[in-house]
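Each chain, written out:
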Amino acid sequence: MVKPPSVVFNLGTDPNQAALNVQNRVASVVNKLPPLVVREGVKVSREESNMLMYINLYSQDPNADMKFLFNFADINILPELKRVDGVGYADILGTREYAMRIWLKPDRMLAYKISTDEVMEALASQSLEASPGKTGESSGKRSQAFEYVLKYTGRFTTKEGYENVILRSSPNGEILRLKDVAEIEFGSSMYDIYSNLNNHPSAAIVLKQSYGSNASQVIENVKKRMKEIQAESFPKGMSYEISYDVSKFPDASIEKVIHTLVEAFILVGLVVFLFLGDWRSTIIPAMAVPVSLVGTFFFMQYFGITLNLITLFALVLAIGVVVDDAIVVIEAVHAKMEEEHLSPLRATQRAMKEISGAIIAITFLMAAVFIPVAFMSGPVGLFYRQFSITMATAIILSGIVALTLTPALCAMILKNNHGHKRKKTPVNRFLDGFNNLFNRGARKYEGLLGRIVTRRLVTFPVLGLFCLGTWFLHGKVPTGFIPNEDQGHVLRDYSNAPGSSLERTNEIAERLQKIAEGIDGIQSVSALAGYEILTEGTGANSGTCLINLKNWSERKHSVQEIMDELEEKAKDISGATIEYFLPPAVPGYGAAGGFELRLLDKAGSGDYKKMEQVSNDFVKELRKHKELTSLFSFYSASFPQYMLHVDNDIAQQKGVSIENAMNTLSTLLGSNYEISFIKFDRQYKVIVQAAAQYRAEPEDILKLYVKNNKDEMVPFSTFMKMEKVYGLSEITRYNMYNASEISGSAAPGYSSGEAIKLIDEIAAKTLPRGFAIDWAGISKDEVAQGNQAIYIFLICLGFVYLILAAQYESFILPLAVILSLPTGIFGAFVLLKLMGLENNIYAQVAMVMLIGLLGKNAVLIVEFAVQKHREGYTVFEAAMEGSRVRFRPILMTSFAFIAGLIPLVFATGPGALGNRTIGTAAAGGMLFGTVFGVLIIPGLYYIFGRIAERYRLTKIEVEEPLTEEIEHV
């Protein structure tokens, strides 16, 4: 196999500086490379590592073979796609570009005593470019009437031209031409890959985006250009299919989340209407939400954040958060109108004096949760940063709207209908029934609270149980990084026995295509024999199938069910190892989903056979465990090879130098080219090689001849012997170590975190001394992440504590808020466990958000209780009054938020796992945190309020919430 080396830099590295550093390193070793490599050139390019698109060009015309399709794409399509803005790399898999193939006949060459060197010299001396000059050019000595440029026909461009190249001639008119010792064909430069689409020959075009470009926009531009090219230049019967499109899954997922956004907005509105009881009150938050979201879009653009899956999740969750502030204002205004019989304007003024501080406090509190997260580094930080900036912006804007627009709308839109009889409509009867039920529940809540608020032996033990439960469930819920979703594609890699021919590998590809065609849910199958997508290398015994599935709405089966069926039906194919993979969870992190690791020979022994044994034993050991599946490694040191032993003594006696002998073999067997020619405005190679029938078997090599220094043809068999050996088809190095690439995935029901932990344990126990593993791709970042989530939570809690300490001017009262949070984290883990989901980056994002949301609930109670305590209430009375007054708005805001999460919890289709994980964690946390929080928070305030009464940590510490400062102003 042949694969260009790749250099991966840490996130945040200046790509221009990185490219310059690589270029400098490469330049320092170019002079040490073989001349052929130097002649070909060494190119350093900066590109995104993931495949952006995979386009198959095919034709219904049976005369359009793979060579024609490849070169049609190379001449008419590839230059156009390379000019599309954002395309950093565009190429056709394989090397089937046109070439003049000169198939030498060694038996004829022996008869005429012609060497390969003489053939190459004849080509170089007769097929050449020349510039003879001009006639009549001014010399300054005589006057010329005309000046003519002399042109030479140049290099041969036709088959006939090369056939007539003269190898030898004599004065008596005898001429030996190239066609006498060779067959000339206008063919392909190599025959290294067979590409098919649904059993039609095809040209496989691979595109990658340039650094910093927007993938969706690039793909849209490419699709538009392909349609234009098809209309302009495609011959009859030719068409194309996009077999892989990295935007297919994100676009479908984003569309799904947008639907969820609408559903969440409607559900939140229904909950608000249920609690507030009139349409006027429901209209106000419905108007406040779009204002905050539009403002969020503006700041997202300012910070350079794109509209992607993570930011859309943030917007869905932000609906519930934005509505919270509006609900708090509306509910307070209604309370004032009901209790004090005020007009909407006066009620709004009185209500805002009481709750302005609380709104500012919860805005600062929730923003404080997300702002520090935005400064995280690394790939994980990138996810958190986009989410946190989106959420923080929405929260701050919602706080501003709640202090400005919402009060104005309340004063203008609301009516004081409290105490007035309403019409007995079915809706009003339902609302009255709900309110009566809620009021009975509120009275029972007050009664229960009166019995437990002062009991520390209830508050702390219950809180301790939640902490223990969280610790226990944290170990039971499987961990992960980013879930592998159904992206509408399946990758299938297969390999034959070492040494298998390309034609034999292509037969396997054709059989796999036929199997896939009969499976429901599969749209098309693109097969590549000779190309392996996991390593992006070429090899005759390996191949890849890209299986494009139908749209999620058009198929009944999940991607896992389709993979299982493919695996079952392919069991009858003997002699081939077949594995199935999903595309990478995040484009650019590896070639396939699951995990990637490298087995490293750190001892530097260079013993490839031992490396093969260790790799095979390690993979066998991994396969014993049910938690792992699709384990696969291409590493093999068992490829059949022949070692050539030259007896230098005999060779020198025969007048043959080793250099001459090896150069002759290199031309006859490996092909050689020294010249090129221009055709179709392209430069193509002239390749010289022995015809296939003269090199079909290893023994044929000894039948070949080399010319010695006496112009005699000497058989290789006289000075060379062949020994059959086994070795590598490719040498893989990773961080300068000899390496074996191993891929796989966690079995259904197990997470990537469990798989990584298990593999680390197996490696520590089974690998011999001098061997170790290292992770690659997305697995490397998952391992590097470690317990980063814990530190994130601690940082967020620290910021929340500081904000609350500043608000209450107390170092003790914030503990009442902080210690109420474990109930919600416990609830998140409970629901994740019940739903069979994993604790991954989506769940952790939801838990970070829970700190702010549940802290908001606690602030609503503690803020009001502190106000009442300042008015002369005892700590107990303040705790009871704060709980009673804030009970309804807390339940209203919390259940409105939970309602907005319902579409995420029960999501299906594209992005279902991500939707369900973030929705389930947030909903579980809010449900438990709200239900148990309203019972624990008053008790915590009572405990810490009593402590704050007796002790002052500073001389100037006073219990003065922000609200009172606002009132004084």
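Residues numbered from 1 in each chain as written. Predicted model: local features only at pLDDT ≥ 70, side-chain atom pairs only at ≥ 80, totals over all residues. Heavy atoms only, no water.

(A) Broad picture of the overall build of the protein. Within the protein one finds 29 helices and 26 strands. Its C-alpha atoms give the protein principal-axis dimensions of about 130 × 75 × 60 Å. Within the protein, the proportion of its 969 residues that are buried is 52%. Considering only contacts in the protein between residues 6 or more positions apart, those separated by 24 or more positions represent 79%. (Helix = DSSP H or I, 4+ residues; strand = E, 2+ residues; numbered from the N terminus. Buried < 20%, exposed > 50% of the residue type's maximum accessible area, 1.4 Å probe, protein only. Contact = heavy atoms within 4.5 Å.)

(B) Quick peek at the packing of aromatic side chains. The tally for this structure, following the rule as stated, stands at 18 aromatic pairs. Summarising the aromatic geometry, the rings of Phe72 and Phe234 are spaced 5.8 Å apart at their centres and angled 75° between planes, so their arrangement reads as edge-to-face. With Phe72 in helix 3 (residues 66–82) and Phe234 in the loop between helix 7 (215–233) and strand 11 (238–245), this residue pair connects regions lying 162 residues apart in the sequence. Assessed through its relative accessible area of 10%, Phe72 is described here as buried. (Phe/Tyr/Trp six-rings, centres within 6.5 Å; stacked < 30°, edge-to-face > 60°.)

(C) Here's a closer look at the nonpolar core. If you look at the biggest cluster of nonpolar residues, it comprises 134 residues, and the most contacted ones within it are Phe387 and Met391. Listed in part, the 42 residues of the second largest apolar core include Leu57, Ile193, Val218 and Ile533. (Core = buried A, V, L, I, M, F, W, Y, C linked by side-chain atoms within 4.5 Å.)

(D) Expanded view of the confidence of the model for the protein. Summarising the model, the protein shows a mean pLDDT of 81, and 93% of its residues fall at 70 or more. The model gives residues 963–969 a pLDDT under 50, and that stretch makes 14 contacts with residues more than four places away or in other chains. (pLDDT = per-residue confidence, 0-100.)

(E) Here's a closer look at helix 20 (residues 658–670). Counted at 1.5 Å a residue, the expected span for helix 20 with its 13 residues is 18 Å, and the 17 Å between its end C-alpha atoms agrees. Residues of helix 20 that are buried: Asn660, Ala661, Thr664, Leu665, Thr667 and Leu668. End-on, the buried residues of helix 20 take up no more than an arc of 165°, which puts them together on one face. The outward face of helix 20, more than 90 degrees from its buried face, is lined by the exposed residues Glu659 and Gly670. Looking at the packing, one finds that the buried side of helix 20 touches strand 3 (98–104), helix 5 (116–126), strand 18 (639–646), strand 20 (682–690), strand 21 (705–707) and strand 23 (720–727). (Expected span 1.5 Å × (residues − 1). Arc of directions from axis to C-beta.)

(F) Structural view of the sheet that holds strand 8 (residues 182–188). Read from one edge to the other, the open sheet built from 4 strands follows the order 8-3-20-19, with strand pairing classed as mixed. Two strands close off the open sheet at either side, each with one partner strand: strand 8 and strand 19 (676–679). Averaged over all pairs of adjacent strands, the angle between their axes in this sheet comes to 30°, without regard to strand direction. Helix-sheet contacts for helix 20 involve strand 3 and strand 20, and the interaxial angle to strand 20 is about 110°. (Pairing = 2+ DSSP bridges. Axes fitted to C-alpha atoms, helices over the stretch in contact; angles between N-to-C directions.)

(G) Focus on the packing of helix 18 (residues 608–623) against helix 21 (residues 752–766). Contact geometry for helix 18 and helix 21: axes closest at 11 Å, N-to-C directions at 135°. Regarding the angle of helix 18 to helix 21, the classification is oblique. Here the hand of the crossing between helix 18 and helix 21 comes out right-handed. Listed contacts from helix 21 to Phe618, Glu621 and Leu622 of helix 18 are Ile759, Ile762, Ala763 and Thr766. In terms of residue class, the contact of helix 18 with helix 21 is built from 5 nonpolar, 1 polar and 1 charged. (Parallel < 35°, antiparallel > 145°, perpendicular 65-115°, else oblique. Left-handed = near helix turned anticlockwise from the far one by under 90°. Nonpolar A, V, L, I, M, F, W, Y, C, P; charged D, E, K, R; others polar.)

(H) Quick look at unusual backbone geometry. Here the phi dihedral of Asn199 falls at roughly 65°; this positive angle occurs in a residue that is not glycine. As for its placement among the helices and strands, Asn199 is situated in the loop between strand 9 (194–197) and strand 10 (200–209). For Phe680, which is not glycine, the phi dihedral falls at a positive 55°. Mapped onto the elements of the fold, Phe680 is located in the loop between strand 19 and strand 20.

(I) Spotlight on the pairing of strand 25 (residues 737–746). Most of strand 25 sits inside the fold, with 8 of its 10 residues counted as buried. Bridge analysis of strand 16 (residues 595–601) against strand 25 gives 7 bridges, and the strand direction is antiparallel. If you follow Leu597 over to strand 25, its bridge partner there is Ile742. For strand 17 (residues 628–633) and strand 25, the ladder comprises 4 bridges, and the chain directions are antiparallel. Residue pairing across strands places Leu628 opposite Ala746, the latter belonging to strand 25. Pairing analysis gives 2 bridges linking strand 24 (residues 733–734) to strand 25, with the strands arranged antiparallel. Residue pairing in the sheet places Arg733 in a bridge with Asn738 of strand 25. Between strand 24 and strand 25, which pair antiparallel and follow one another directly, the connecting turn spans 2 residues, one of which, Asn735, has a positive phi of 55°.

(J) Quick peek at the environment of Asn506. Relative to the helices and strands, Asn506 is located in helix 16 (residues 502–517). The exposure class assigned to Asn506 is buried, which follows from its relative accessible area of 10%. Between the alpha carbons of Asn506 and Thr158 there is a distance of 31 Å; along the sequence they are 348 residues apart. When neighbours within four sequence positions are excluded, Asn506 is seen to be in contact with Tyr194, Asn196 and Ala529.

(K) Layout of the pattern of salt bridges. Per the counting criterion, the structure on display carries 13 salt bridges. The shortest N-O distance in the salt bridge between Lys134 and Glu147 comes to 3.7 Å. Taken together, the residues Lys134 in strand 4 (residues 133–135) and Glu147 in the loop between strand 4 and strand 5 (148–150) connect sequence positions 13 residues apart. Using a relative accessible area of 46% as the deciding quantity, one classes Glu147 as partly exposed. When the shortest N-O distance is used, the salt bridge between Lys703 and Asp700 registers 3.6 Å. Taking the relative accessible area as the measure of exposure, Lys703 reaches 59% and is therefore exposed. Judged by its relative accessible area of 13%, Asp700 is buried. Taken together, the shared-partner salt bridges connect Glu80, Arg83, Arg225, Glu228 and Glu232 into one network. (Salt bridge = Lys/Arg side-chain N within 4 Å of Asp/Glu carboxyl O.)

(L) Highlighting a nonpolar patch on the surface. A surface patch of nonpolar side chains, about 420 Å² in accessible area, is lined by Ile258, Val262, Phe265, Ile266 and Leu270. Mapped onto the fold, Ile266 is located in helix 8 (residues 248–276). (Patch = residues over 30% accessible without salt bridge, like charges linked within 9 Å, V, L, I, M, F, W, Y side chains within 5 Å. Areas by Shrake-Rupley, 256 points an atom, 1.4 Å probe, with all protein chains shown as cover.)

(M) Quick peek at the packing of helix 15 (residues 456–476) against helix 28 (residues 912–950). Packing of helix 15 against helix 28 leaves a shortest axis separation of 10 Å and a crossing angle of 120°. By the angle between their axes, helix 15 is oblique relative to helix 28. The element helix 15 and its partner helix 28 pack so that their crossing is left-handed. Within the contact between the two elements, helix 15 uses Arg456, Thr459, Phe460, Val462, Leu463 and Phe466 and helix 28 uses Phe932, Ile936, Gly939, Leu940, Ile943 and Arg950. Taken together, the residues that form the contact of helix 15 with helix 28 break down as 8 nonpolar, 2 polar and 2 charged.

(N) How the structure looks around the environment of Phe928. Tracing the sequence through the fold places Phe928 in helix 28. For the pair Phe928 and Gly539, spaced 389 residues apart in sequence, the C-alpha to C-alpha distance is 56 Å. Beyond its immediate stretch of four places on either side in the chain, Phe928 contacts Thr823, Phe826, Gly827, Val830 and Gly933.

(O) Inspection of the side chain of Asp601 at higher detail. With respect to the element layout, Asp601 can be found in strand 16. Among all residues touching Asp601, those that are not within four sequence positions of it are Gly606, Met611, Tyr737, Asn738, Gly770 and Phe771.

(P) Geometry of the side chain of Ser189. Positionally, Ser189 belongs in the loop between strand 8 and strand 9. In this structure the side chain of Ser189 is engaged in a polar contact, spanning 2.7 Å, whose partner is the backbone oxygen of Thr95. In this structure Ser189 touches Thr95, Arg96, Glu97, Tyr98, Ala99, Arg101 and Ile687, once residues within four positions along its chain are discounted. (Polar contact = N/O pair within 3.5 Å; in protein donor to acceptor, adjacent residues only side chain to side chain.)

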